[in-house]
Structure formats: structure tokens, C-alpha cells
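Below are the chains, spelled out letter by letter.
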Amino acid sequence: MYLINSVQVEKKDFIIPVENMGVWRGDGVFEAIKIHDGYPFAIDLHIERLEKSCSKVFFENIDYKKIKDDINFIANKYENGYVRTLILRSEPGSHDIFCFYQPPISISQNSHFKHKKLFGRVVETMI
């Protein structure tokens, strides 16, 4: 399921224009919310964090109630997985909101972590 500015579109029409500042400069914010039994987990905390993030990058006139409704609309159609929300600056003073469903991510039982040094620090990578 795909929404652009609260309008449901087909996957083939779920397009972020290359001219979008979110693509050019990473000018935007995003949230990933786990769906648990058809409900977006900790939705109010995610919306609160989304509001804080948007204020830090000077997004204005965002209808967070509508975003919450969109997230619930998507989550209620699935038992599990994720709802991804991106708020991207389309041009100065304007933004677009993209919400979509992502199926659950499965990690193989055979996966394990490998320690390696990166930029002078030891990190774990999954292999």
C-alpha cells in the first residue's frame, strides 16, 4: 500500500521526483514503525519524534493528525511488517509526505556477526 500526500497510488505511481530536495540533499525526515497485530507500535511516540525532527529542519504546516491517520490506515491492513513515512522537501516552502508498507524483514537463523575495524572502531557486521 502506497500513499503520497494521503492519496493512495499504485506501486508503479509511487515515485519521488529526482528534483525533490529529499533526493538531492537528503532534505527530509523519516520514521519506520513496526506493525504488531495490525496496529502501529508506539504510534504516539513516533508522531512526537516526527514532530521534533520536522521542527529541527524547519518543516512547517504539517498535519500530524493526518499522518497518524495514514499510518493507522496502512497498518490496519497488515498483521505485521512496517509503515515507512518520509517527509521530503519538494522545493523551498513545500513538502511531500510518502507513506508505505514494508513486509517484515527476516534474518536467517544461520546469520552471525563478524567483528571488524572501521574508522578506528570495532563494529559488528552481519554475514
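Check the entry above for the structure.
This structure is a prediction, so every number in the text was calculated from the model and none was measured.

1. As for the pattern of salt bridges
Piece 1. With the rule as written, the count across this model stands at seven salt bridges.
Piece 2. Its salt-bridge partner being Asp69, residue Lys65 comes within 3.1 Å of it at the nearest N-O pair. Of this pair, Lys65 and Asp69 both sit in helix H3 (residues 64-75), four residues apart, which is roughly one turn of the helix.
Piece 3. Between Lys66 and Asp70 there is a salt bridge; the shortest N-O distance is 3.7 Å. Of this pair, Lys66 and Asp70 both sit in helix H3, four residues apart, roughly one helical turn.
Piece 4. Residue Asp70 is classed as buried on the basis of its relative accessible area, which comes to 6%.

2. Observations concerning the sheet that holds strand S6 (residues 94-102)
Piece 1. A sheet is described by the order of its strands in space; here six strands give the open sequence S2-S1-S6-S5-S3-S4, paired in antiparallel fashion. Each of the sheet's edge strands pairs with one partner strand only, and the pair in question is strand S2 (7-9) and strand S4 (39-40).
Piece 2. Alignment of strand S1 (residues 2-4) against S2, held across three bridges, turns out to be antiparallel. Its bridge partner being in S2, Leu3 is matched across the sheet by Gln8.
Piece 3. Of the strands in this sheet, strand S3 (28-36), S4 and strand S5 (80-91) are in contact with helix H2 (residues 43-56), which crosses S3 at around 175 degrees.

3. Regarding the packing of aromatic side chains
Piece 1. Applying the stated criterion across every chain yields a total of four aromatic pairs.
Piece 2. Considering the side-chain rings of Phe14 and Phe98, the 5.8 Å spacing of their centres and the 90 degrees angle between planes classify their relative orientation as edge-to-face. Remark: Phe98 occurs in strand S6 and Phe14 occurs in the loop between S2 and helix H1 (21-24); sequence separation between them is 84 residues.
Piece 3. Ring geometry for Tyr78 versus Tyr101: centroids 3.5 Å apart, planes at 5 degrees, classification stacked. Linking Tyr78 in the loop between H3 and S5 with Tyr101 in strand S6, this pair joins segments that are 23 residues apart in sequence.
Piece 4. Ring pairing ties together the aromatic residues Tyr2, Phe14, Phe98 and Phe100, which thus form one cluster.
Piece 5. One cation-aromatic arrangement involves Arg84 over Tyr82; the distance from NZ or CZ to the ring centre is 5.6 Å.
Piece 6. Between the NZ or CZ atom of Arg89 and the centre of the ring of Phe59, over which it lies, the distance is 4.3 Å.

About the cut-offs
- Residues numbered from 1 in each chain as written.
- Predicted model: local features only at pLDDT ≥ 70, side-chain atom pairs only at ≥ 80, totals over all residues.
- Heavy atoms only, no water.
- Salt bridge = Lys/Arg side-chain N within 4 Å of Asp/Glu carboxyl O.
- Helix = DSSP H or I, 4+ residues; strand = E, 2+ residues; numbered from the N terminus.
- Buried < 20%, exposed > 50% of the residue type's maximum accessible area, 1.4 Å probe, protein only.
- Pairing = 2+ DSSP bridges.
- Contact = heavy atoms within 4.5 Å.
- Axes fitted to C-alpha atoms, helices over the stretch in contact; angles between N-to-C directions.
- Phe/Tyr/Trp six-rings, centres within 6.5 Å; stacked < 30°, edge-to-face > 60°.
- Lys NZ or Arg CZ within 6 Å of the ring centre and 35° of its normal.

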